[in-house]
Amino acid sequence: GAGTVGWSAPEVLARRWSPDALASSDISESVLEVSPIDVASNARTSRSVDIFSLGCIFYSTLLPGLHPFGEWYEREANIMKNMVKKDDLDDVSPDAADLILCMISRDPRARPTAEQVCSHPYFWSAPRRLKFICELSDR
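All values reported here derive from a predicted model rather than from experimental measurement.

## Considering the pattern of salt bridges
Reasoning step 1: Inspection of the entire model under this criterion finds 5 salt bridges.
Reasoning step 2: A salt bridge links Glu-11 to Arg-111; its shortest N-O distance comes to 2.7 Å. Note that Glu-11 is positioned in helix 1 (residues 10-16) and Arg-111 in the loop between helix 6 (94-103) and helix 7 (114-118), a separation of 100 residues in sequence. No difference in accessibility class separates Glu-11 from Arg-111, as the two residues are buried.
Reasoning step 3: Residues Arg-129 and Asp-95 are paired through a salt bridge, measuring 2.6 Å at the closest nitrogen-oxygen approach.

Rendered as structure tokens:
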């Protein structure tokens, strides 16, 4: 399957933990019940799963040694339960926190595209920020 353990999007995990897969394993179906995700049996993996993983990497880059879904042994369950460690994001800029939370959104349709990630205010230069604020204040 796609993805590395602890870094995969919830829809990838849900596909891996689908009721058919659960029938032949000891994984509790309660994880899927807590985390209902629409998983089509023939759905293709989209680029949004890469954005999710990149969001996890971005979090761990800005907060070295930390992962948005906790320790290695709890990550997949926390991803499925949407239990993000948001308190750690108090240590980064509001723009960085906003970008990360968008990227690791539970809903793949709510995640930004790669182009939207690159144009997020987190990556704006100081002159661009000033121009935006000036234009906004002139309204």
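After that view, the rundown keeps rolling.
## What about the packing of aromatic side chains?
Reasoning step 1: All told, the structure shown has 6 aromatic pairs when counted by the stated rule.
Reasoning step 2: On the basis of an interplanar angle of 25° and a centroid distance of 5.8 Å, the ring pair of Phe-52 and Phe-69 is categorised as stacked. Here Phe-69 lies in the loop between helix 4 (48-62) and helix 5 (75-81) and Phe-52 lies in helix 4, a separation of 17 residues in the sequence.
Reasoning step 3: A relative accessible area of 1% means that Phe-69 is categorised as buried.
Reasoning step 4: Ring geometry for Phe-58 versus Phe-123: centroids 6.2 Å apart, planes at 25°, classification stacked.

## Observations concerning helix 4
Reasoning step 1: Helix length check: helix 4, at 15 residues, gives a terminal C-alpha distance of 21 Å against a target of 21 Å (1.5 Å per residue), a fit within 8%.
Reasoning step 2: Where helix 4 is buried, its residues meet helix 1, helix 5, helix 6 and helix 7.

## Considering helix 6
Reasoning step 1: Along helix 6, the residues classified as buried are Ala-96, Ala-97, Leu-99, Ile-100 and Met-103. Down the axis of helix 6, the smallest arc covering the buried residues is 165°, so these residues share one side.
Reasoning step 2: Structurally, helix 6 contributes buried residues whose contacts are with helix 4 and helix 7.

## Some thoughts on the packing of helix 4 against helix 6
Reasoning step 1: Put simply, helix 4 and helix 6 touch, their axes get as near as 8 Å, and they point 145° apart. Remark: the crossing between helix 4 and helix 6 carries left-handed chirality. Contacts between helix 4 and helix 6 involve Ile-51, Phe-52, Leu-54, Gly-55, Phe-58, Tyr-59 and Leu-62 on the former and, on the latter, Ala-96, Leu-99, Ile-100 and Met-103.

## Topic: unusual backbone geometry
Reasoning step 1: For Asn-82, which is not a glycine, the phi torsion comes out positive at approximately 60°.
Reasoning step 2: Inspection of the secondary structure puts Asn-82 in the loop between helix 5 and helix 6.

## Description of the confidence of the model for the chain
Reasoning step 1: Chain-level statistics for the chain give a pLDDT mean of 85 and a share of 77% at 70 or above.
Reasoning step 2: Per-element confidence in the chain ranges from a low mean pLDDT of 47 for helix 3 (residues 30-34) to a high of 98 for helix 6.

## Description of the side chain of Ser-48
Reasoning step 1: Structurally, Ser-48 can be placed in helix 4.
Reasoning step 2: A distance of 2.7 Å separates the side chain of Ser-48 from the side chain of Ser-46, its partner in a polar contact.
Reasoning step 3: Those residues in contact with Ser-48 that sit more than four places away from it in its chain are Glu-11, Pro-108 and Arg-111.

Cut-offs used in this document
- Residue positions are given per chain, counted from 1 along the sequence in the order it is written.
- It should be noted that, the model being predicted, local features are given only for residues of pLDDT at least 70 and side-chain atom pairs only at 80 or more, the latter also being counted only at that level, while totals for whole chains, interfaces and linings use all residues.
- Water and hydrogen atoms play no part in the side-chain values, which are based on all heavy atoms of the structure.
- A side-chain nitrogen of Lys or Arg and a carboxyl oxygen of Asp or Glu constitute a salt bridge if their distance falls within 4 Å.
- Each helix corresponds to a stretch of at least 4 residues labelled H or I by DSSP, and each strand to a stretch of at least 2 residues labelled E; elements are numbered beginning at the N terminus.
- When accessible area is computed with a 1.4 Å probe and restricted to protein chains, residues below 20% of their type maximum are described as buried, those above 50% as exposed, and intermediate ones as partly exposed.
- For Phe, Tyr and Trp, rings pair up if their centres lie within 6.5 Å, where Trp contributes its six-membered ring, and each pair is then called stacked (planes under 30 degrees apart), edge-to-face (over 60) or tilted (otherwise).
- Given a helix with a known number of residues, its expected span is that number minus one, times 1.5 Å.
- Two residues qualify as a contact provided that any one of their heavy atoms is within 4.5 Å of a heavy atom in the partner residue.
- Taking the helix axis as origin, the arc is that swept by the directions to the C-beta atoms.
- With axes taken as lines fitted to C-alpha atoms, and helix axes fitted only over the stretch in contact, angles between N-to-C directions fall between 0 and 180 degrees.
- Put simply, a crossing is left-handed when the front helix is turned counterclockwise from the back one by less than a right angle, and right-handed when it is turned clockwise.
- Scored between 0 and 100, pLDDT is the confidence that the predictor attaches to each residue.
- Polar contact is the term for a pair of N or O atoms within 3.5 Å; when the atoms are in protein, one must be able to donate a hydrogen and the other to accept it, and sequence-neighboring residues count only if both atoms are side-chain atoms.

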